[in-house]
Amino acid sequence: MGRWNLIMNTWIVIPAYNEGNTILNVLKSLEIAGYKNIIVVDDGSRDHTFEVAKKHAKVVVKHKLNRGLGGALGTGIQGALRMGAEYIITFDADGQHDTKDIQKVLSPLKRREADAVIGSRMIDPTGMPLKRRISNRIANYVTYFLFGVWTTDSQSGLRGFNRKAAEHIRIRTNRMEVSSEIIREIGYHDLRFKEVPIKAIYTDYSLSKGQSFIVGIKTFAKLLMHRLIK
Amino acid sequence: MYSISLIQIVGAAFLMFAWSRVFLRYRDDSVSLIGLIFWSLIWIGFLIVLFIPETTEFIAAQFGVGRGVDVFLYAGIVILFYLIYRIYVKLESLEREITQVVREESLRDLPKK
């Protein structure tokens, strides 16, 4: 399979909530890198995210109500499957990922070494603020404690799945718990899992969009409740 | 002579009801095995307190609280606990259903699988 084929049956899922200011650059850089199949899930934004995305992405779907990251990712993955995707990449709309890293995530899938790949910002955390590094580390321990899968970056937004993995992974949670939930599903369905190092581009903007300490505590409480009750 | 009081009958009936709910939810797969164990332990704990009230005296003594069983207080806690559990489960399934509806609606123009 050549590079062209790979790009043709690869779909990039971008969940976006009020990202009108950054999504244009993200979409343009993906276009320049040659990725044509892009599905943007506008998660009920109140700004011009939808209009901007409509001009630059092949498929744009809109949630009438804001459902959170988990809800948007679930919709995007399902949409990509319906469009016939063989490989699915999830990509953040805030501009923190480098399009060059997509190939790094894709290649273990293409070589059939893994069903699910996570781009880890923690293998080489240069440039990541210390506070972020610590909170990511805590999130990894929590994910391991609850679901028994060790990752170096459980909260990464750049992930890749082959069709089989995308069909198996069931996303039930709506909000930030989704990152850990995906890892749980990888463990639960015994999918072959690999991590590759990626770079994170941190700007004040992308930092402001991540999980704050309070949101982190809430996410932990929700995960714990899920483990106990669901 | 040890006799069973009304509160023990009512309480035990309620606890069995509460536990049966958990068990049914476990059977239809909306409560995990760990969830079943967790809730079972909680209800068994209340059952022990109900039939061997001396345990509360023991615990109260350990914590340095003078008064033993304040039945109404305990009953109140049990009922609140149960209601919170119910509300949590309801709320979660409601959230999921809303997402499902929003998702289906947003994907309606895409080809069906």
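Residues numbered from 1 in each chain as written. Chains lettered and ligands numbered in written order. Predicted model: local features only at pLDDT ≥ 70, side-chain atom pairs only at ≥ 80, totals over all residues. Heavy atoms only, no water.

Caption draft 1: Quick look at the domain arrangement of chain B. Residue and element names in this part refer to chain B. Each assigned domain of chain B is listed with its residue range as follows: domain 1 (1–52) and domain 2 (65–113). At the junction of the two partners, domain 1 supplies 13 residues and domain 2 supplies seven residues. Across the domain 1 to domain 2 interface the summed buried area is about 1,000 Å²; carbon plus sulfur atoms make up 85%. Counting the surface domain 1 buries against domain 2, the share from its top three residues, Arg25, Trp39 and Phe46, is 41%. (Domains from an automatic or database assignment. Contact = heavy atoms within 4.5 Å. Buried area = accessible area lost by both parts, 1.4 Å probe.)

Caption draft 2: The arrangement of unusual backbone geometry in detail. Residues and elements named next belong to chain A. Even without glycine at this site, asparagine 18 takes up a positive phi of about 50°. Unusually for a residue other than glycine, arginine 112 sits at a positive phi of about 60°. With respect to the helices and strands, the residue arginine 112 is situated in the loop between α5 (100–110) and β5 (116–120). (Helix = DSSP H or I, 4+ residues; strand = E, 2+ residues; numbered from the N terminus.)

Caption draft 3: Seen up close, the confidence of the model for chain A. This prediction gives chain A a mean pLDDT of 87; 91% of its residues lie at or above 70. Taking the mean pLDDT of every element in chain A, the minimum, 61, falls on helix α1 (residues 3–8) of chain A and the maximum, 97, on strand β2 (residues 38–42) of chain A. (pLDDT = per-residue confidence, 0-100.)

Caption draft 4: Spatial organisation of the pattern of salt bridges. Residues and elements named next belong to chain A. Going through the model one piece at a time under the given rule, you end up with 16 salt bridges over all chains. For lysine 194, the salt bridge identified is with glutamate 113, shortest N-O distance 3.1 Å. With lysine 194 in strand β7 (residues 193–197) and glutamate 113 in the loop between α5 and β5, the pair connects residues that are 81 residues apart, well separated along the chain. Taking the relative accessible area as the measure of exposure, lysine 194 reaches 31% and is therefore partly exposed. We classify glutamate 113 as partly exposed; its relative accessible area is 35%. (Salt bridge = Lys/Arg side-chain N within 4 Å of Asp/Glu carboxyl O. Buried < 20%, exposed > 50% of the residue type's maximum accessible area, 1.4 Å probe, protein only.)

Caption draft 5: Structural context of the packing of aromatic side chains. All names here are of chain B. All chains considered together, the criterion is met by 14 aromatic pairs over all chains. Measuring from centroid to centroid gives 6.4 Å for phenylalanine 14 and phenylalanine 17, while their planes differ by 45°, and the two rings are tilted. Of the two residues, phenylalanine 14 and phenylalanine 17 both sit in helix α1 (residues 6–27), three residues apart, roughly one turn of that helix. Relative to phenylalanine 46, the ring of tryptophan 43 has its centre 6.0 Å away and its plane inclined at 35°; by these criteria the two rings are tilted. Note that tryptophan 43 and phenylalanine 46 are positioned in helix α2 (residues 33–51) at a spacing of three residues, about one turn of the helix. For the pair tryptophan 43 and phenylalanine 46, a shared accessibility class is recorded, and that class is buried. (Phe/Tyr/Trp six-rings, centres within 6.5 Å; stacked < 30°, edge-to-face > 60°.)

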